[in-house]
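Residues per chain, in single letters:
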Amino acid sequence: RLQIDIDQKERRSCGHFFSMPAADPIDTSTEPLVSKEIPADVPAEPLVSKEVPQAVAVEEKVVVKEPAKEPVKEGPKGPSMMQKVTTLLKENVFLQHILLVPLVILLTYFIGGIIIWPIFLAASVFLSVKSIRKRKQDVYEAFVASLEEDNIDDVQEVAWLNQIVTKYWISCVPALVKPHIDGVSKTLTDSKPAFIHKLEIGKWTFGKKGPRFSQIRTTKEPDASKYVLDGELTFVPDFSLELRIEPVKLIVVKILLTDVVFKGRLRIRFNLNKESPNASIVSVCFVGDPLIEFSIRPMGSVDMLSLPKVYEWLNETIINAIKPLMVWPQKLQFTLGQGEVVSEHSIDEPITDIAIIDKDELSEPPGYLIVEKALNSALPAAINHGNPPPAKELYLTYRRAPAGEPITGLAVVCPSQGDVVPEGFTMIEKTPNGLSANLNAGTKAPEVFLCYGKHPGPPITGLGIMNISKAVTFDDSYTRLDITPSGKLANINAGTNGDPSFFAYRGGSKSFLGYPLLVTNPERGMLRVGLIEGSDLKAADVCGTSDPYCVFTVGPLDAKKLPKQKSSVIEYTLNPVWNESFVFEASVEDILTINLYDKDVVGSDDFLGRIQVPLNTLMCGMTVEQWIPLQLVSKGFLRLTFTAVNFGLPAEGEVKAVEVLECQGSTGMFSKLTGSKGGIKPVPFMRGTSSSGVIRNKTARPIKVVKQEIKVKPPGTEFISLSGHVEKLPTKSVMIGISQGWQRRWFVLHEHKLSYYRSSKDAASHTLGSVGLKNATIDTDEENEFTFNVKTKAKTIQCKVSNEEEFVEWYHALKTNIALSDNVKSRFEQSEVDENSEDDLATAEA
């Protein structure tokens, strides 16, 4: 816990600026001052030098005001025409030469060219050099003015800061940095290629060498609530970090990262308060791209770095994972003292103003908050993230002014595609510094702008950016703004190479348009379909995975040709995550058809399943979310959302799940030869029934859902005894990093002990191993298998069962016995209790 209490003298030497006692006000008017006459009988005081106190009262002066003059009428502002012509002639050398040529020709006729032309050339060179000098002087003056606008004062001493950093580096900083190391690990996991199973950070040590500041600067007018230091940092720590790479499952390659060097301009911001310590939250970031260097070398016998392009790819991946977390507007935040860092974005107060800023501006407007990270992700919240230069890097900022009118609606418009700014909305066309606020600035995509409105309604209390390029779980309190006023997808990076991203807001109307849309026809309107993720899909490729994508159509069953919309292709996975949305014009009589395929480079795409949903049960403005099993295949689920934006049944009562139709068709060899990918026979549609007269009802659930439910289920109150066959991975491997595979064993769970045997016929004395469950833990992963891990002090047992019933039974039994075993005393603890009780008894008898 760090507490800084420096007196006024030390503060002045460290470069701090504090307010001095205010002097009496001085009349700064331009009126003449008349000195006050001194009577002759008053003796004159001798002139004696006195010490001037720190705050001196200003001597009173008598001011005689002149009679007010009549206001003078000002003429028209701006330069006259003659002044404009004169300025143009002075600045444009080419125009000067054009005007001089006729005069030179005339003088040549009367005087002669031998004299006139050398004079003309000399004058031309003189004027050109003079113009260049003037332009250079203008550039220099503009550069000096930009430095003054940067609000940076002179360089100051830094010994005090280096002393504080060195003192608290080993004791405090590693604990503060650990969450951010975990954030880098998560970023590496998010940015890993699809062909790598796992990429994460393993063991790491922070070292004992702290950073050194060579110079610091302070702002001329620091904010009353925060204090900012800019320092030139050189950081060469004795830092080492282990990088774990799994090219395929169960094969681990370790790489050591050492010799790290950081150089750059570091900005430290202290949020000041009246409590102890006076700076509760500290944020650190680099201003501009820092210089980051490091060395990587393999650990163990496997040298993965010797493979072609692996070293360059790994180096680029690490740099791209570190830099976005440390360069403004991204920052690392931690607390001094107790408590946690509370984001200002989580405050539930109305937002009154919104602005778009360019990263080149290097600061947000005064009083504004900048959205620096994407929602529930370590990715930067750059609006056009993923676009290469010359695309501009824009950020969203907002403020909560206490006396301002709250914003209640948002909209994303693309004028070139027919979008019109909604009535009463304001379009943000410029940044606070006058730059373009086009969200696609610097790209060839059509112009896109953000609009806001202040109509009566619930206020918007939070803003964010949803980047759906990575598999993340978004906060349910935010609503994604993914529909434009004309009914198109509101992807702010549409038509560019950037990541698909959307604005999101908290509070407000909770509409996908950003504002409520009136219902004009309850039978027909706008349908939004959300494709969130898939689970346990069929493996269609030789490598045991698939490259799934979905095709959506909306219309009658007997329609021959319907407009299609396709999702993106997620490569090498059986558990794809899309987080995409699609918008259709639909009616209550239409059927939504979703076909799932595996993308193939050669030949036709493989069929992975179909889902058909009638729209006659959707309520207007209400969203239905559910897992739906794929039909015409043996396995697979899709997690979908359905929203009738401005049509459907009245929103009354609870939201009901959609009824899925029974699909009919063939997916065998004949359908591939004929080109029909599992088509169905048109059957007359009846309201409330399926095409075959039966509602689809499949009781199977995704493994992911089963695991989520069992994790939150509370443990029992009594020990559970259980035995049965369970598959187990060997705890020791024959080859380093390579497992022998699953082995079938007989497990016996009895109270706080778990034992396993080769078969059920083996006696208790022939056990292969056993572990005590005291202080143990149990967890499971997100894979498509019923696996769980039991971790104890001695070893970790990896287990797998064949079906949902066995998984729920074993997981709950182990979770219960582990919880109860923590309350059971071991024999050593029991012997200590017995000895203490005997001593107490002897003392009582004495």
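Conventions adopted
- Residues numbered from 1 in each chain as written.
- Predicted model: local features only at pLDDT ≥ 70, side-chain atom pairs only at ≥ 80, totals over all residues.
- Heavy atoms only, no water.
- Helix = DSSP H or I, 4+ residues; strand = E, 2+ residues; numbered from the N terminus.
- Contact = heavy atoms within 4.5 Å.
- Areas by Shrake-Rupley, 256 points an atom, 1.4 Å probe, with all protein chains shown as cover.
- Pairing = 2+ DSSP bridges.
- Axes fitted to C-alpha atoms, helices over the stretch in contact; angles between N-to-C directions.
- Expected span 1.5 Å × (residues − 1).
- Buried < 20%, exposed > 50% of the residue type's maximum accessible area, 1.4 Å probe, protein only.
- Polar contact = N/O pair within 3.5 Å; in protein donor to acceptor, adjacent residues only side chain to side chain.
- Phe/Tyr/Trp six-rings, centres within 6.5 Å; stacked < 30°, edge-to-face > 60°.
- Patch = residues over 30% accessible without salt bridge, like charges linked within 9 Å, V, L, I, M, F, W, Y side chains within 5 Å.
- Salt bridge = Lys/Arg side-chain N within 4 Å of Asp/Glu carboxyl O.
- Core = buried A, V, L, I, M, F, W, Y, C linked by side-chain atoms within 4.5 Å.
- Lys, Arg positive; Asp, Glu negative; His and termini not counted.
- Charge placed at Lys NZ, Arg CZ, Asp CG, Glu CD.
- Parallel < 35°, antiparallel > 145°, perpendicular 65-115°, else oblique.
- Left-handed = near helix turned anticlockwise from the far one by under 90°.
- Nonpolar A, V, L, I, M, F, W, Y, C, P; charged D, E, K, R; others polar.
- pLDDT = per-residue confidence, 0-100.

On to the overall build of the protein chain. Secondary structure assignment for the protein chain yields 11 helices and 32 strands. Within the protein chain, contacts between residues at least 6 apart in sequence are counted, and of these 70% link residues at least 24 apart. Accessible surface, the protein chain: about 49300 Å² in total, of which carbon and sulfur atoms supply 56%.

To continue, consider the sheet that holds strand β19 (residues 548-555). Hydrogen bonds along the backbone pair up the strands of a sheet, which may run parallel or antiparallel. The strand order β20-β19-β22-β23 describes an open sheet built from four strands, whose pairing is antiparallel. Taken across any chain shown, the strands that pair with only one partner, and hence form the sheet edges, are β20 (564-566) and β23 (606-614). Averaged over neighbouring strand pairs, the angle between their axes works out to 20° when direction is ignored. Both β19 and strand β22 (residues 591-598) contribute to a ladder of eight bridges, which runs antiparallel. Residue pairing for β22: Thr553 is matched across the bridge by Thr593.

With that out of the way, let us pick up helix α10 (residues 804-821). With 18 residues, α10 should cover 26 Å at 1.5 Å per step; its first-to-last C-alpha distance of 26 Å lies within 8% of that length. Those residues of α10 lying buried are Phe807, Trp810, Tyr811, His812, Ala813, Leu814, Lys815, Thr816, Asn817, Ile818, Leu820 and Ser821. Capping of α10 at its N-terminal end is provided by Asn803; its side-chain oxygen lies 3.3 Å from the backbone amide nitrogen of Glu805.

Once that is clear, we can look at the sheet that holds strand β26 (residues 722-728). Spatial strand order, β29-β28-β27-β26-β32-β31-β30: seven strands in an open sheet with antiparallel pairing. Looking along the sheet, the strands with just one partner apiece sit at the ends: β29 (769-772) and β30 (777-779). Adjacent strand axes in the sheet meet at a mean angle of 35° when their direction is disregarded. Where β30 lies against strand β31 (residues 786-791), three bridges are found, and the strand directions are antiparallel. Bridge pairing in β31 places Asp779 opposite Asn789.

Next up on the list: the packing of aromatic side chains. As enumerated under the stated definition, the model contains 10 aromatic pairs in all. Considering the side-chain rings of Phe552 and Phe582, the 4.5 Å spacing of their centres and the 35° angle between planes classify their relative orientation as tilted. Placement of the pair is Phe552 in strand β19 and Phe582 in strand β21 (residues 577-587), with a sequence separation of 30 residues. Phe582 sits in the buried class, given a relative accessible area of 6%. Arranged with centres 5.5 Å apart and planes meeting at 40°, the rings of Phe786 and Phe807 form a pair that is tilted.

Moving on, we come to unusual backbone geometry. In this chain, Trp328 is followed by Pro329 through a cis amide linkage whose omega measures 10°. That bond from Pro389 to Pro390 is cis: its omega, 10°, falls within 30 degrees of zero. Tracing the sequence through the fold places Pro390 in the loop between β10 (369-370) and β11 (394-399). Unlike most non-glycine residues, Leu632 shows phi in positive territory, near 70°. Structurally, Leu632 can be placed in the loop between β24 (623-629) and β25 (637-644). The partly exposed category is assigned to Leu632, whose relative accessible area is 26%.

A cluster of nonpolar side chains, Leu103, Leu106, Leu107, Tyr109, Phe110, Ile111, Ile114, Ile115 and Ile119, forms an exposed patch at the surface whose accessible area comes to about 1000 Å². No other element matches helix α3 (residues 93-110), which puts five residues into the nonpolar patch. The residue Phe110 is located in helix α3 in this model. On the accessibility criterion, Phe110 (64% relative accessible area) is exposed.

In this section: the nonpolar core. Here is a general trend for soluble globular proteins: nonpolar side chains tend to be buried in one another's company. Membership of the largest hydrophobic core comes to 43 residues, with the highest contact counts inside it found for Phe213, Leu243 and Phe294. For this core, the leading source of residues is strand β5 (residues 251-272), giving seven residues. Excluding its chain neighbours within four sequence positions, the residues that come into contact with Phe294 are Leu257, Thr258, Asp259, Val260, Asn315, Ile318 and Ile319. Val554, Leu608, Leu630 and Val633 belong to the second largest nonpolar core, which has 35 residues in total.

A cluster of basic residues, Lys561, Lys564, Lys566 and Lys599, forms a positive patch on the protein surface. Structurally, the position occupied by Lys564 is in strand β20. By relative accessible area, which is 61% here, Lys564 ends up exposed.

Contact pair helix α9 (residues 703-712) / α10: the axes reach a minimum separation of 10 Å and the direction vectors enclose 25°. Looking at the two axes, α9 sits roughly parallel to α10. Relative to α10, the crossing made by α9 is right-handed. Here Val706, Lys707, Ile710, Lys711 and Val712 of α9 lie close against α10, whose contacting residues are Glu804, Phe807, Val808, Tyr811, His812 and Lys815. Taken together, the residues of the contact of α9 with α10 sort by class into six nonpolar, one polar and four charged.

In this section: the confidence of the model for the protein chain. Do not read the predicted coordinates in detail wherever pLDDT is low. Confidence in the prediction of the protein chain, expressed as mean pLDDT, is 76, and 74% of residues score 70 or more. Across residues 667-698, confidence stays below pLDDT 50; counting only partners more than four residues off in sequence or on other chains, it has 60 contacts. For residues 734-739, every residue scores under 50 in pLDDT, and the model assigns this stretch 11 contacts once sequence neighbours within four places are set aside.

Moving on to the environment of Tyr368. As for its position among the elements, Tyr368 is in the loop between β9 (353-358) and β10. A sequence separation of 13 residues divides Tyr368 from Ala355, and the C-alpha atoms of the two residues are 8.5 Å apart. The contacts of Tyr368, once residues within four sequence positions are left out, are Asp353, Ile354, Ala355, Thr397, Tyr398 and Arg399.

Take the pattern of salt bridges next. What the rule picks out here adds up to 17 salt bridges. Residue Arg701 is joined to Glu804 by a salt bridge in which the shortest nitrogen-to-oxygen separation is 2.5 Å. With Arg701 in the loop between α8 (669-674) and α9 and Glu804 in helix α10, the pair connects residues that are 103 residues apart, well separated along the chain. For Glu804, a relative accessible area of 21% translates into the label partly exposed. Close ionic contact of Lys800 with Glu785 constitutes a salt bridge, the shortest N to O distance being 3.7 Å. Of the two residues, Lys800 is situated in strand β32 (residues 796-801) and Glu785 in the loop between β30 and β31; the sequence distance between them amounts to 15 residues. Through salt bridges that share partners, Glu533, Glu625, Arg639 and Lys704 make up one connected network.

It is worth spelling out the pairing of β29 at this point. Of the two faces of β29, only the one carrying Gly769 and Val771 is buried; Ser770 and Gly772 on the other face are not. By the bridge criterion, four bridges tie strand β28 (residues 753-757) to β29 in an arrangement that is antiparallel. Bridge assignment links Tyr756 to a residue of β29, and that residue is Gly769.

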